[in-house]
Amino acid sequence: MNPTEKNNLHPRNLHRSRYDFEILMHSNPKLKTFVQKVKDTDHLTIDFDNPKAVKCLNKSLLMTYYNVQNWEIPNGFLCPPIPGRADYIHYIADLIQGNKSVIPRGSFVKGLDIGVGANCIYPLIGASVYDWDFVATDTNLKALKNCSAILQENPALGEKISLQQQLNSRFIFKDIIEPEDKFHFTMCNPPFHASEEEAKKATFRKLNNLDLQKDQTTKTPNFGGISDELWCDGGEVKFITQMIFESAKYQQQVMWFTTLVSKNEHLKSLMKVFKKINPIDIKVIEMKQGQKTSRILAWTFMNESRMNNGRFDAQKASDNVD
């Protein structure tokens, strides 16, 4: 294995080194179908432009490093890059650690994943690495049913993750955070684009950047994604703006609200929104995966004294997915 580290990933990220395909193929022999040698070297790789290969790699990473078995997602749903998703979890761990000497671990730590999708990736990693409990929400019932199927295949993790459908797409936290709930954090990977047309144009740009200009209309991007995962009316700025305004109603029930922000230029308008609700602290945490830079926007209404006093023994939301 090439020991070269990806220094832009979080120090606790298990994927800082080149993928060890020998170990991954041992965990998941089906990966052998997609593994090939890098030209003129002994290094192994896969075709990262092949959605089936990327999905199989993800399954292998989850099996090897997170003890997740039989992970499947329906065709067309978002296939997440595991290293980047793990980074978000590790940076949240830093946030809730604050000035404590150790990272809080165990089921007393409660997280809320907004828009979990069909892959259930954040709760799976957070429960596996830090033993946290999660409530995972989505408006899409098919996505939640797939998450439920994954959790049934992984009962030890399934005990730590509850699923709840958001029945009203106009809201984010309403009808999800109940009066008795307390969460150490919320997290979200919001829809990036403002329309289906914008999402398609971005996909074609990505394909062009990957030198896949030929027959773009039939190419499938390796990351996938259905409509409500990739776009919403007003795009991520409108979505996050709604999230910020709603968060003010739950400021004593959540330690840290967080969301990914795909475009740096969106931060300026989002910062103006914060002036209307006056959180105590706002943080912007940069994350880099390869050539891509994204950022976590985090805010809290609690001072350090409040954060350090008491345990957030939140009750899980009931699983209302049939």
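Rules used in this analysis
Residues numbered from 1 in each chain as written. Predicted model: local features only at pLDDT ≥ 70, side-chain atom pairs only at ≥ 80, totals over all residues. Heavy atoms only, no water. Core = buried A, V, L, I, M, F, W, Y, C linked by side-chain atoms within 4.5 Å. Buried < 20%, exposed > 50% of the residue type's maximum accessible area, 1.4 Å probe, protein only. Helix = DSSP H or I, 4+ residues; strand = E, 2+ residues; numbered from the N terminus. Pairing = 2+ DSSP bridges. Axes fitted to C-alpha atoms, helices over the stretch in contact; angles between N-to-C directions. Contact = heavy atoms within 4.5 Å. Expected span 1.5 Å × (residues − 1). Polar contact = N/O pair within 3.5 Å; in protein donor to acceptor, adjacent residues only side chain to side chain.

## As for the nonpolar core
No. 1: In this structure, Phe 21, Leu 31, Trp 71, Leu 124, Trp 132 and Ile 161 are the most contacted members of the largest nonpolar core, which totals 60 residues.
No. 2: By residue number, the principal contributor to this core is helix α3 (residues 82–97), which donates nine residues.

## Overview of the sheet that holds strand β7 (residues 254–261)
No. 1: Strand order in the open sheet formed by seven strands is β5-β4-β3-β6-β7-β9-β8, with mixed pairing between adjacent strands. A single partner strand is all that each edge strand has here, and the edge strands are β5 (161–165) and β8 (281–289). Across the sheet, the mean angle from the axis of one strand to that of its neighbour is 20°, orientation sign disregarded.
No. 2: Relative to strand β4 (residues 133–138), strand β3 (residues 110–114) is paired through five bridges, and the arrangement is parallel. Considered in β4, the bridge of Ile 114 is made with Thr 137.
No. 3: Together, β4, β6 (183–188), β7, β8 and β9 (292–300) form the strand contacts of α3, whose direction differs from that of β8 by roughly 150°.

## Overview of the side chain of Thr 300
No. 1: Relative to the helices and strands, Thr 300 resides in strand β9.
No. 2: Thr 300 sits in the buried class, given a relative accessible area of 1%.
No. 3: In this structure Thr 300 touches Met 255, Trp 256, Pro 279, Ile 280, Asp 281 and Met 307, once residues within four positions along its chain are discounted.

## A short note on helix α2 (residues 51–66)
No. 1: Compared with the 22 Å implied by 1.5 Å per residue over 16 residues, the 21 Å span of α2 between its first and last C-alpha is a close match.
No. 2: Those residues of α2 that fall on the buried side of the exposure criterion are Ala 53, Val 54, Lys 55, Cys 56, Leu 57, Asn 58, Lys 59, Ser 60, Leu 61, Leu 62 and Tyr 66.
No. 3: In this structure Asn 50 caps α2, since a side-chain oxygen of it lies 2.9 Å from the backbone nitrogen of Lys 52.
No. 4: Asn 67 lies just past α2 and shows a positive phi near 55°.

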